[in-house]
Amino acid sequence: MTDSKLKNKQTDELFEAILMLKDVEECYRFFTDICTAREIQSIAQRLHVARLLKIRKTYNVIEEETGASTATISRVNRSLNYGSNGYDLVLDKLIEKDLKKQREEDNN
């Protein structure tokens, strides 16, 4: 489900541009130009909060580990529970990638 207030030609173009980036280095270059450092840090923090919530860490642990306010943690939690499942799309892939990497390291 896409938020009709958010969906428009400019936003489509932004997301299409992001999908064209081939690696982390290109992401750094693009996002450094398009966002402020604080905006990037805030987005990264929210993703990390979502990851910790998904593995059932407490608000206190998340606040301590990320520096996020309880308001931010609550907002992310609300998105995880009642949002468009966008966090889940990414987090499931990230967690699987981490598990695969860990298995490879354990086999070496």
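It should be noted that the structure appears before, not after, this text.
Residues numbered from 1 in each chain as written. Predicted model: local features only at pLDDT ≥ 70, side-chain atom pairs only at ≥ 80, totals over all residues. Heavy atoms only, no water.

1. Considerations on the packing of helix α3 (residues 37–54) against helix α4 (residues 59–66)
Here's step 1: Axis separation between α3 and α4 bottoms out at 10 Å; the angle between their running directions is 145°. Here α3 and α4 pass one another in a crossing that is right-handed. Judged by residue contacts, Q45, H48, V49, L52 and L53 of α3 engage Y59, I62, E65 and T66 from α4.
Here's step 2: Class assignment of the residues belonging to the contact of α3 with α4 gives a composition of five nonpolar, three polar and one charged. (Axes fitted to C-alpha atoms, helices over the stretch in contact; angles between N-to-C directions. Helix = DSSP H or I, 4+ residues; strand = E, 2+ residues; numbered from the N terminus. Left-handed = near helix turned anticlockwise from the far one by under 90°. Contact = heavy atoms within 4.5 Å. Nonpolar A, V, L, I, M, F, W, Y, C, P; charged D, E, K, R; others polar.)

2. Brief notes about the layout of surface pockets
Here's step 1: Quantified by volume, the largest pocket comes out at close to 1,900 Å³.
Here's step 2: Residue lining of the largest pocket: 36 residues in total, with I18, F31, I43, L47 and V90 positioned closest to the centre.
Here's step 3: Those elements that place two or more of their residues in the lining of the largest pocket are α1 (9–20), α2 (24–34), α3, α5 (70–82) and α6 (86–107).
Here's step 4: Of the residues that constitute the lining of the largest pocket, the class distribution is 20 nonpolar, eight polar and eight charged.
Here's step 5: A domain-level breakdown of the lining of the largest pocket finds at least three residues from each of domain 1 (1–34) and domain 2 (39–106). (1 Å grid on protein atoms, 1.4 Å probe; cavity = no way out; pocket = protein on both sides within 12 Å on 5 of 7 lines; lining within 4 Å. Points joined across faces, edges and corners; volume = space filled by probe spheres on them. Domains from an automatic or database assignment.)

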